[in-house]
Amino acid sequence: MTTNNKTPQEEQRTKDAPPTRAPQPPCERKPANTSLKQQRMAAWRPILHPVYVIWTLFIIAAVFIPSGWKLREVSENVVEYAIKYDAYEGLEFTDCEIDVANQGRECTFSFEVKKSMIGPILIYYEIDNFHQNHLEYSVSRDDKQLLGSLKQDPLSAANCEPLNKLGNITLNPCGLIANTFFNDIIEFIPSEEQQSAGIEMTEEGIAWQSDLIYKFKQPDGFYYELCDSCNDCDCSAPEWSCKERYQDPKSGECFRYFYPDDNSTQYLYETYDMINPILGVTDEHFAVWMRLAAFANFRKLYGYIEGDVMAGEFLTFSITANWDVKSFKGAKSLVITTTSAFGGKNIELGDGFIGIGVLCLLAGTFFSLKHLIKPRKLADDKYLRYKED
């Protein structure tokens, strides 16, 4: 006879409890019995026989050494000239040296072309010891603002500090990258022969087209008008924010324009005189600068010359120096160079191929001698080592 010691409340809870489920078998995760899922597919399982390894090393050497010599030859055919025109120390050419930013010092110098340069001839400015790859610098931008937005979220405002506002004036574009823009002006001065041959420096087509399409746009509400005549291009009407007309130095055409919130915003063309107010942030020099360099020493494209320049000629350039390098102990240079199928002058690439080829040749020779003098029997069990008990 069993005794029920449960209270009425416990019996009621027992009755109300849901029925217990029968134990389920564990889920099976075994892959299907196929060649693919059970890894039984036919495959090449090479055995590293000494003869195969030796031949592989010799083949690599036979390919890499001639390729390296060819890469060196191609690189040596690239004609390159450079002049350092401002630096913290070690400067020889001092006509362009400045001590403060936006000094506007002008200088002129010429490169003597000792070996004919076949176009396109690329014009670079080269910066030393400027870390665009620094994390705090690289995030100091507002991408939505660069795409025309006039509204700024808190995160973008924080990233742009300390160059987000100057007092009550909003910087557009904000951030360290945009407001350290390289603003030296480089001009090519052709000789009479070069001018008659149509040799000139082009500053269009130097930026990535994807950047110009997807990353940069004038502020929302911006518009401009091409005037019929420069004499009739008045900015006094309220629908224009310009204080005076803008005349394109190349075409001579005159424009008037409107920037929203112009009284409380400092736009790019107001920060840098070299920026065309019609183009603003879509200026290609600005787009080139905004694509960050990976290293502290870098080059950025300023322009290019399409024609050929023969040996014995001179390439003359005028520079208006505004960008200070002494504040960060850096240097800046002007570089003119031709190109090859593998880019600019790069002797190290060919040397790397030759180095790898020579190493493979030496290794192949060593293993060949070893295999001839004292060969090792394949799968010899005397080389096995067992763990002692």
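For every chain, the first residue of the written sequence is number 1, and numbering continues from 1 onward in sequence order. The predicted origin of the model limits local features to residues at a pLDDT of at least 70 and limits the giving and counting of side-chain atom pairs to 80 or more, whereas totals for whole chains, interfaces and linings rest on all residues. Side-chain measures were taken over the full set of non-hydrogen atoms in the model, leaving aside hydrogen atoms and water.

1. Focus: the nonpolar core
As used here, the term nonpolar core means buried Ala, Val, Leu, Ile, Met, Phe, Trp, Tyr and Cys residues forming a set that is joined through side-chain atoms within 4.5 Å. Burial classes: relative accessible area under 20% of the type maximum marks a residue as buried, over 50% as exposed, and values in between as partly exposed (1.4 Å probe, protein chains only). By size, the foremost hydrophobic cluster in this structure holds 68 residues, and its most contacted members are W289, L315, F317 and L334. By definition, any uninterrupted DSSP run of H or I lasting at least four residues is a helix, any uninterrupted run of E lasting at least two residues is a strand, and each is numbered from the N terminus. Residue contributions to this core peak at 6 residues, all from strand β3 (residues 121-128). The contact partners of L334, leaving out residues within four places of it in the chain, are Y81, A82, I83, Y85, F109, F111, I123, Y124, I186, F317 and I319. We call two residues in contact whenever any of their non-hydrogen atoms come within 4.5 Å of each other.

2. Description of the pairing of strand β5 (residues 169-172)
Here a strand pair is declared whenever DSSP counts at least two bridges between the two strands. Sheet topology note: the strand β4 (residues 165-166)/β5 ladder contains 2 bridges and is antiparallel. Among the inter-strand pairings, K165 is bridged to a residue of β5, identified as T170. Here β4 folds back onto β5, and the loop between the two strands holds 2 residues, one of which, G167, carries a positive phi near 70°.

3. Focus: the environment of Y124
By the element assignment, Y124 lies in strand β3. Since its relative accessible area comes to 19%, Y124 is described here as buried. Those residues within four positions of Y124 in sequence are excluded, and the remaining contacts are R299, K300, L301, Y302, S333, L334, V335 and T337.

4. Describing the sheet that holds β5
Spatially, β4-β5-β11 is the arrangement adopted by the 3 strands of the open sheet, whose pairing is mixed. Among the strands making up the open sheet, the edge pair consists of β4 and β11 (265-267). Strand direction decides the pairing type here: β5 and β11, joined by 3 bridges, are parallel. Paired with T170 across the bridge in β11 is T265.

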